[in-house]
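Report on the structure
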Amino acid sequence: MAGQRGRDVLIKIADGGQPESFATLAGIRSSEMDLNQQAVDATSMESPDGWRELLAGAGVKSMRVRGRGLFKDSASDARMRAVFLAGELARYQLVIPDFGQFEGLFQIAQLGWGGVHDGEATLSVELQSAGAVTFEVAA
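Residues numbered from 1 in each chain as written. Predicted model: local features only at pLDDT ≥ 70, side-chain atom pairs only at ≥ 80, totals over all residues. Heavy atoms only, no water.

**Describing the nonpolar core**
- The biggest cluster of nonpolar side chains holds 18 residues, and the ones touching the most others in it are Ile-11, Val-65, Met-80, Tyr-92, Leu-94, Ile-108 and Leu-127.
- Elements supplying a minimum of two residues to this core: strand S1 (10-14), strand S4 (61-70), helix H1 (75-86), strand S5 (90-96), strand S6 (100-115) and strand S7 (121-137).
- At four residues, S6 tops the list of elements feeding residues into this core.
- When residues no more than four places from it in sequence are discounted, the contact partners of Ile-11 are Ala-23, Thr-24, Leu-25, Ser-31, Met-33, Val-65, Arg-66, Gly-67, Tyr-92, Gln-93, Leu-94 and Leu-127. (Core = buried A, V, L, I, M, F, W, Y, C linked by side-chain atoms within 4.5 Å. Buried < 20%, exposed > 50% of the residue type's maximum accessible area, 1.4 Å probe, protein only. Helix = DSSP H or I, 4+ residues; strand = E, 2+ residues; numbered from the N terminus. Contact = heavy atoms within 4.5 Å.)

**Some points on the pattern of salt bridges**
- Applying the stated criterion to the full structure yields six salt bridges.
- Across the salt bridge formed by Arg-66 and Glu-32, the nearest N and O atoms sit 2.3 Å from each other. Residue Arg-66 is found in strand S4, and its partner Glu-32 is found in strand S3 (residues 28-37); the two are separated by 34 residues along the sequence.
- Between Asp-34 and Arg-64 there is a salt bridge, with the nearest N and O atoms lying 3.2 Å from each other. Taken as a pair, Asp-34 in strand S3 and Arg-64 in strand S4 lie far apart in primary sequence, 30 residues in all.
- You can call Asp-34 partly exposed: its relative accessible area is 24%.
- Several salt bridges converge on common partners, so that one network encompasses Glu-32, Asp-34, Arg-64, Arg-66 and Arg-68. (Salt bridge = Lys/Arg side-chain N within 4 Å of Asp/Glu carboxyl O.)

**Some thoughts on the side chain of Ser-76**
- Topologically, Ser-76 is positioned in helix H1.
- Overall, the relative accessible area of 5% leaves Ser-76 in the buried class.
- Side chain to side chain, Ser-76 and Ser-74 meet in a polar contact 3.0 Å long.
- If sequence neighbours within four positions are ignored, Ser-76 has contacts with Ile-13, Ala-23, Thr-24, Leu-25 and Ala-26. (Polar contact = N/O pair within 3.5 Å; in protein donor to acceptor, adjacent residues only side chain to side chain.)

**Some thoughts on the sheet that holds S6**
- In spatial order, the strands read S2-S1-S5-S6-S7-S4-S3; together these seven strands make up an open sheet with antiparallel pairing. Whereas interior strands pair on both sides, the edge strands pair on one side only; in this sheet they are strand S2 (22-24) and S3. Averaged over neighbouring strand pairs, the angle between their axes works out to 35 degrees when direction is ignored.
- As judged from the seven bridges shared by S4 and S7, these two strands associate in the antiparallel manner. Pairing of Arg-66 across the sheet is with Glu-126, part of S7.
- Sheet strands in contact with H1 are S1, S2, S5, S6 and S7, and its direction is about 90 degrees off that of S6. (Pairing = 2+ DSSP bridges. Axes fitted to C-alpha atoms, helices over the stretch in contact; angles between N-to-C directions.)

**Some thoughts on the environment of Glu-53**
- Relative to the elements of secondary structure, Glu-53 occurs in the loop between S3 and S4.
- Setting aside anything within four residues of it in sequence, one finds Glu-53 in contact with Val-40, Asp-41, Ala-42, Thr-43, Ser-47 and Pro-48.
- A polar atom in the side chain of Glu-53 sits 2.6 Å from the side chain of Ser-47.

**Considering the environment of Gln-37**
- Structurally, Gln-37 can be placed in strand S3.
- Among residues more than four places away in sequence, those in contact with Gln-37 are Val-60 and Lys-61.

Now the structure itself:
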């Protein structure tokens, strides 16, 4: 498999309409997506030779998404800001080219802006899953 371009990894926010449409978060230059699963230790006195045993399927699953880039004050920025200030959950699509797409409800855990006098204004966002996240394999 050939290498993939990082700029094709996309974070998209739903507009909240019916039917929903998704807008790519404008200006994002770097994206990170982590799937997590907490282990549930099922080790007991009867565990073979004292080796730890884990209980399959019992841990809490979650997904964390981080994005950093340029602040553009686009429609997607405005939607994200409104969702954050209202304390709402929003549906996001997380696209990884030639791999697939995750989709689900997320809460904005962190939203920040910054800048220096001789550079551009920046934006950072962290999302935490707020329910089941689905995955669709790339066609």
